[in-house]
Amino acid sequence: MISRAERSTFSDWAWTIDRWLIAGVALLIVCGLVFAMAGSPPVAERLHLSTFYFVHRQVLYLAPAIIVMFGVSFLTPRHVRRAAVVLWIVSLALVVGTLFFGQEVKGAKRWIFGVQPSEFLKPAFVIMAAWAFSEGAKRKDVPGSLLALALLPVTVAPLVLQPDIGQTLLISLVWAGLLFMAGIHWLWIFGVGGVGVVGAVAAYKFLPHVHARVTRFLDPQAAGQGVADTFQADTALYSFISGSWFGKGPGEGTLKRILPDAHTDTIFAVIGEEFGLFVCMGVAAIYGLIVLRGLYSASRNEDAFCAFATAGLVMLFGLQAAINMAVNLQLMPSKGMTLPFISYGGSSLISLALGFGFLLAVTRRRPHIEPIVEASVMEARA
Amino acid sequence: MTAADTVTRDASKGSKKGLRRRLDGLFSTSLGKTGARMRMVAAGFVCLYVGIGARLVVIGFKPDPTTMRRASGETIAASRPDVLDRNGEILATDVKTVSVFAEPRRLIDKDEATELLTAVLPNVDARDLRDKLASKKGFVWVKRSVTPKQRDEVFHLGLPGVGLAPENKRVYPNGPAGAHVLGYVNIDNGGIAGIEKYIDGQGLADLHDAGFSLTPEDLKPISLSIDIKATHAVRDELEKGVTHYKAKAGAAAIMDVDTGEVIALASLPDYDPNMPGDMRDPSIINRMNVGVYEMGSTFKALTIAMALDSGKVNLGSRLDARGALSFGRFRIHDYHAQNRALTVPEVFTYSSNIGTARMALGQGVERHKAFLRKMGQLSRMRTELPESAEPIVPKNWGELNTMTIAFGHGLAVAPLQAMMAVSALMNGGYLMAPTFLKRSEEEARKSAVQVVKPETSEAMRYLMRLNAEIGTAKKVNINGYYVGGKTGTAEKVIGGRYSKTRLFTTFMAVAPSDKPKYLFLTIMDEPQGLPETGGYATAAYNSGQVTAQIIERVGPLLGLPPRFELPTQPFPLLARLGYGIANSPAHGGGGH
């Protein structure tokens, strides 16, 4: 047991960290490994790799991910902000770099040096935006709202060019959520909503792959030439149906063998086929509870930056999970988004760990006044 | 600070300053609202996740497409009741087989599956199978009814997405014998024709559709009126006859005159219901039920019965047949012209067209029509078999029609329909609908209608018998069965005219004539004259000959004991009226 009496950096951390969030993410990581054993072997076999190649790789990535997550969670809010600024600048530069030097995968340039920099851009952007909003709300002399307003297009522009509409949508939604929480006038909410709608329509009109995806989603027969390519969506939905309430049992799935991206984007469907709909609901519930816990903690946090950062990070996390699940359940057109901590993916996992580390850092319970300041005041009195 | 606050405060300040403040209000963010806004966002997330949960529940209640195939058209071949003949012999039964199916969505490697399956099942077309497996269907048949060896081989392939389903296959142990009565089933064991379709119509199909999986033990066998041994004999004799006389087609049937049961039915060409080929081929129709033909002189029996029954004519009446009967520009001739007045028995035995036409004219058009309607010749006859045909009745029925119909031209009926009428003339006057199901005499009598007097019936039996002794039906006078008969030869209408060379011959026989039990009918389409028949192709030489052979062969099978002493009092009512029986052969024509 960690002593409350003797104070150290670690004991401070242990007593102030949000244990519910840690429990939630630990549960997701453990489940993720179990699900990876179900979803990844067929993909590995297709690529002529050893059966549990992706499981081994996932475990391998978990070690640095956990170190990053706990390491970051030790940071104070001040250091969180500084780290985020550095991360934002580096990852934004890399995202811009992908436009020129990126590897083209499935029609989009998103990868550079073996990582997907947009994954790291997301948490950095959220913290930057939270900082801008909190400063804007606290102090009238800092044009926080304007900074926040400028932050979005700067971050999103290279993503649109990649093109990566999924991430753009996610970042924009989180930004809009923060703006809403900042207490913006209702008039702006409808205004921003309107801009969002216009943006969505514009994306549909002018970006061919968005157009194709939406058309395919709305009218599977009309979109393709001849036979519509709804194979992934149909197979995913059929996986849930054939798994039914209790699933076919671990390793008993057959549709996962033909399901594209069974270890990444469509792992939720593999869970449905092998473990059943009740387990799927359980997984959704874990994400939902993490989001609610985060928002609850944010609403009680008296530090404006911490509150906004918590809310922003947790929205990022919860929206990403919800979008992935909705796509798997054919509620949304395909987005190319992973299921946090469950989908396979090295850079995705590290970036999620980083984001979650930031979340843990900003949700730590802190006294109203920094302890050192408190101590010096007392010394002065004595 | 809300916009409203700003606006009210602005009212007291200057307008320039107010505008700035108002803009400030619009742009400002305030922490005061953050808590409430966060709760709203939380509520939004709750909605989002509940929505995902709800979608999962909806999916949970969706039926699995692999179990849906039972509800859809692709049913597993269902059980059917056995069909038995009147003596309990099996005519149709279910045999358990195994069929190979595939679920394309579950197949991993379609090319591999195609390769392995076609190696085991060489009859399956590889390209066709590849296309089927590449489809997005949840279920396709690979091969129905495989052998036990193939079943084991497919099983050992161990292909995921390929399965074996137990099925029922209909088997007809007697092959083509009785095929037209039995009909056939499709690959899903659904009745398509004949009694098989009738069985489905009796609620079996409804039971299957309702999802009852019936085993053969649950289903009561259906007993038909058919005697399969007699049917074999009839078909065999008919086949020999059709081949011998080089006829295009032929049909023969035996009917129990007391019950209306069809004891045997054969129609050539026929088919093997185990392997129904192209059933759209019109040459394999059931000619007894579905074909309609001008029955020729066989119809004279009806005309004479009508005349006798009316009382206007008796067996002693004479009819003028001295010369051709003229009506407008038409002249009616006799084939065996005697050129003198003929008695009623002579009209029958010489098969006089003129005599029967005069008898019908004596009754008039309306009474003729009414009589034929009463005898069931003017409307579609319905039996258990779904196949039936509407008789071809002249639209404007004038005196000329009555005259020709009197001797069997100008009205086309199904042969079985004519049998029904003649049966009534033989059995004492009771018209009963023919049936293919076993029934007793009492049941038959319940629905029977008395259409002619018993004396008329006895007179008709006398005429039939007389015709076999001295008339056109001598070929059929088989020793011991006391047979009576009537020939019928109709010229086929080719290009709107009656053809002299293309004939349709019929032969109706009853045995025994004194206590009638069975009525025999043979029809032949375009039989050819042969050297031993002197080139004649009229009914007596072909249909008559075949009927004689059928009677000789099935008599013992049907339990008709041969009697070598002629009955002393075969027609008691006629004897009382003063008519004897000419039990000695006399002169007579060849037959027409």
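Per chain, residue numbering runs from 1 following the sequence as it is written. Labels follow written order: the first chain is A, the first ligand is 1, and so on. This being a predicted model, a pLDDT of at least 70 is required before a residue's local features are given, and a value of 80 or more before pairs of side-chain atoms are given or counted; all residues contribute to the totals for chains, interfaces and linings. Side-chain numbers come from the whole structure's heavy atoms, not from hydrogens or water.

Please give an account of the overall build of chain B that cites residues and values.
Per the convention used, a helix needs a DSSP run of H or I reaching at least four residues, while a strand needs a run of E reaching at least two, with both numbered from the N terminus. Of the regular secondary structure elements, chain B holds 20 helices and 20 strands. For every residue, the accessible area (1.4 Å probe, protein chains only) is compared with the maximum for its type, and the residue is labelled buried under 20%, exposed over 50%, or partly exposed between those bounds. When the 592 residues of chain B are sorted by exposure, 55% land in the buried category. Should any heavy atoms of two residues lie within 4.5 Å, those residues are considered in contact. In chain B, the share of contacts with a sequence separation of at least 24, taken over all contacts with a separation of at least 6, comes to 72%. Here chain B has roughly 25800 Å² of accessible surface; of this, 55% comes from carbon and sulfur atoms. Each accessible area is a Shrake-Rupley estimate made with a 1.4 Å probe; only the visible protein chains count as cover when residues are assessed.

I'd love a proper account of the overall build of chain A, names of residues and values included.
Broken down by element type, chain A carries 16 helices and two strands. The proportion of buried residues among the 382 residues of chain A is 53%. Long-range pairs, those at least 24 residues apart, make up 71% of the contacts in chain A with a sequence separation of at least 6. For chain A, the computed accessible surface area is about 17200 Å², with 69% contributed by carbon and sulfur atoms.

I'd like a rundown of the interface of chain A and chain B, residues and numbers included.
On the side of chain B, 36 residues touch chain A, which itself brings 56 residues to the contact. Looking at the side of chain A facing chain B, the largest losses of area belong to Met181(A), Tyr238(A) and Ile241(A), adding up to 15% of the total buried there. Any carboxyl oxygen of Asp or Glu that lies within 4 Å of a side-chain nitrogen of Lys or Arg is treated as forming a salt bridge with it. Counting across the interface, chain A meets chain B through zero salt bridges. Polar contact criterion, stated in full: a pair of N or O atoms within 3.5 Å, where within protein one must be able to donate a hydrogen and the other to accept it, and residues adjacent in sequence count only if both atoms are side-chain atoms. The tally of links between chain A and chain B comes to three residue pairs in polar contact (both at pLDDT 80 or more). Broken down by element, the residue count for the side of chain A that touches chain B peaks at 11 residues, all from helix α13 (residues 277-300) of chain A. Buried area adds together the accessible area that both of two parts lose upon being put together, with accessible area traced by a 1.4 Å probe.

A description of the nonpolar core should follow, citing residues and the corresponding values.
By size, the foremost hydrophobic cluster in this structure holds 114 residues, and its most contacted members are Phe268(A), Tyr287(A) and Phe356(A). Considering every element that reaches this core, the biggest residue donor is helix α14 (residues 304-328) of chain A, with 17 residues. Aside from chain neighbours lying at most four places away, what touches Phe268(A) is Phe240(A), Cys280(A), Val283(A), Asn324(A), Met325(A), Asn328(A), Leu329(A), Leu339(A) and Leu56(B). Within this scheme, the nonpolar core is defined by two criteria: the residues are buried Ala, Val, Leu, Ile, Met, Phe, Trp, Tyr or Cys, and they are joined through side-chain atoms within 4.5 Å.

An account of the UniProt feature "transmembrane region" (unreviewed entry) in chain B is requested, with residue identities and associated values reported.
UniProt's entry tags residues 40-61 of chain B with the feature "transmembrane region" (unreviewed entry), counted in the numbering of this structure. Span residues 40-61 of chain B is 95% helix and 0% strand, its end C-alpha atoms 32 Å apart. UniProt positions are given in the numbering used here, feature names are shortened, and annotations may be inferred rather than shown by experiment.

Residues and numbers for the pattern of salt bridges, please.
Residues and elements named next belong to chain B. Tallied over the full model, the rule gives 28 salt bridges over all chains. Between Arg 235 and Asp 270 there is a salt bridge, with its nearest N and O atoms 2.6 Å apart. Residue Arg 235 is found in helix α10 (residues 228-244), and its partner Asp 270 is found in the loop between β9 (262-268) and β10 (293-294); the two are separated by 35 residues along the sequence. No difference in accessibility class separates Arg 235 from Asp 270, as the two residues are buried. Residue Glu 469 pairs with Arg 465 through a salt bridge whose shortest N-O separation is 2.7 Å. Remark: Arg 465 and Glu 469 occur in helix α18 (residues 454-470); sequence separation between them is four residues, near one turn of the helix. Both residues of the pair, Glu 469 and Arg 465, count as buried. When salt bridges that share partners are traced, they join Arg 80, Asp 94, Arg 170, Glu 196 and Asp 200 into one network.

Outline the environment of Thr349(B), listing residues and values.
Residues and elements named next belong to chain B. Tracing the chain through its elements places Thr 349 in helix α12 (residues 344-349). Each C-alpha atom of the pair Thr 349 and Ala 473 lies 8.2 Å from the other, and the pair is 124 residues apart in sequence. Dropping the residues within four chain positions of it, Thr 349 is found in contact with Leu 466, Asn 467, Ile 470, Gly 471 and Thr 472.

Account for the side chain of Asn324(A), with residues named and values stated.
Residues and elements named next belong to chain A. With respect to the secondary-structure elements, Asn 324 resides in helix α14. A polar contact is formed between the side chain of Asn 324 and the backbone oxygen of Asp 265, at a distance of 3.1 Å. Only 2.6 Å separates the side chain of Asn 324 from the backbone oxygen of Met 337, close enough to count as a polar contact.

Tell me about the packing of aromatic side chains, residues and numbers included.
We call Phe, Tyr and Trp rings a pair once their centres come within 6.5 Å, taking the six-membered ring for Trp, and we label the pair stacked below 30 degrees between planes, edge-to-face above 60, and tilted otherwise. In total, this model carries 21 aromatic pairs over all chains according to the counting rule given. Consider the rings of Phe54(A) and Tyr344(A), whose centres lie 4.7 Å apart with planes at 65 degrees: the pair is edge-to-face. Of the two residues, Phe54(A) is situated in helix α3 (residues 53-73) and Tyr344(A) in the loop between α14 and α15 (346-362); the sequence distance between them amounts to 290 residues. Phe54(A) sits in the buried class, given a relative accessible area of 7%. Ring centres of Tyr462(B) and Phe571(B) lie 5.9 Å apart, and the angle between their planes is 80 degrees; on these two criteria the pair is classed as edge-to-face. Of this pair, Tyr462(B) sits in helix α18 while Phe571(B) sits in the loop between α19 (543-557) and α20 (572-577), and the two are 109 residues apart along the sequence.

Describe a nonpolar patch on the surface, with residues and values.
The residues that make up patches have over 30% relative accessible area and no salt bridge, and they are joined within 9 Å when like-charged or within 5 Å when they are Val, Leu, Ile, Met, Phe, Trp or Tyr. On the surface, a nonpolar cluster with roughly 340 Å² of combined accessible area is contributed by Leu289(A), Leu292(A), Val46(B) and Val50(B). Of all the elements in the fold, those that place two or more residues in the nonpolar patch are α13 of chain A together with α3 (34-60) of chain B. Looking at the secondary structure, you find Leu289(A) in helix α13.

Give me the lowdown on the UniProt feature "transmembrane region" (unreviewed entry) in chain A, citing residues and values where you can.
Residues and elements named next belong to chain A. What UniProt calls "transmembrane region" (unreviewed entry) maps, in this numbering, to residues 20-39, 59-76, 83-101, 142-161, 173-204, 275-292, 304-329 and 341-362. Split by type, residues 20-39 is 100% helix and 0% strand. Its first and last C-alpha atoms lie 28 Å apart. Along residues 59-76 the backbone is 83% helical and 0% strand, and the end-to-end C-alpha distance reaches 29 Å.

Talk me through unusual backbone geometry; I want residue IDs and the actual numbers.
Residues and elements named next belong to chain B. In this structure, Pro 269 follows Leu 268 across a cis peptide bond, with omega equal to 0 degrees. Mapped onto the fold, Pro 269 is located in the loop between β9 and β10. Cis geometry marks the peptide bond from Ala 511 to Pro 512; its omega dihedral reads -20 degrees. Locating Pro 512 in the fold gives a position in the loop between β19 (497-511) and β20 (518-525). Although it is not a glycine, Lys 246 adopts a positive phi angle of roughly 50 degrees. By the element assignment, Lys 246 lies in the loop between α10 and β8 (249-256). The phi dihedral of Asn 339 falls on the positive side, at around 55 degrees, and the residue is not glycine. The topology assignment puts Asn 339 in the loop between β13 (330-332) and β14 (340-343). Look at Asn 339 and you get exposed, because its relative accessible area is 52%.

Quick one: what's the story with the sheet that holds β9(B), residue by residue and with numbers?
Neighbouring strands of a sheet are bound in pairs by backbone hydrogen bonds; such pairs are parallel or else antiparallel. Residues and elements named next belong to chain B. Across the sheet, five strands lie side by side as β9-β8-β20-β19-β18; this open sheet has antiparallel pairing. Each having just a single partner strand, β9 and β18 (484-494) make up the two edges of the open sheet. Shown here is a sheet whose adjacent strand axes are inclined to one another by a mean of 15 degrees, direction ignored. Strands were regarded as paired on the criterion that DSSP finds at least two bridges between them. Note that β8 and β9 share six bridges and pair antiparallel. Paired with Ala 252 across the two strands is Ala 266, which belongs to β9. To obtain each axis, a line is fitted to C-alpha atoms, and for helices this fit is confined to the stretch in contact; angles are then taken between N-to-C directions over 0 to 180 degrees. Packing of α10 onto the sheet brings it into contact with β8, β9 and β20, and relative to β9 it is tilted by some 30 degrees.

Lay out the confidence of the model for chain B with the relevant residues and their values.
All names here are of chain B. Here chain B averages 82 in pLDDT, while 86% of its residues score no lower than 70. Predicted confidence is poor over residues 1-14, with pLDDT under 50, and the contacts of this stretch with residues over four places away or in other chains come to 11 contacts. Confidence of the predictor at the level of single residues is given by pLDDT, which spans 0 to 100. pLDDT under 50 marks residues 582-592. Its contacts with residues more than four places away, or in other chains, come to 39 contacts. Both scores are available for the predicted complex, with the pTM at 0.57 and the ipTM at 0.84.

Account for the environment of Ala262(A), with residues named and values stated.
Tracing the backbone shows Ala262(A) in the loop between α11 (231-243) and α12 (267-275). The residues touching Ala262(A), leaving out its near neighbours within four places in the chain, are Gly39(A), Val43(A), Lys256(A), Ile267(A) and Val270(A).

Account for the pairing of β19(B), with residues named and values stated.
All names here are of chain B. Direction of pairing for β18 relative to β19: antiparallel, over a ladder of 10 bridges. Along β19, the bridge assignment pairs Ala 490 with Phe 504. With antiparallel pairing between neighbouring strands as the criterion, β18 and β19 make up a hairpin whose turn holds two residues, including Gly 495 at a positive phi of roughly 60 degrees. Examined bridge by bridge, β19 and β20 share eight bridges and lie antiparallel to one another. When the sheet's bridge partners are listed, Ala 509 is paired in β20 with Phe 520. Between β19 and β20, which pair antiparallel in sequence order, lie six residues.

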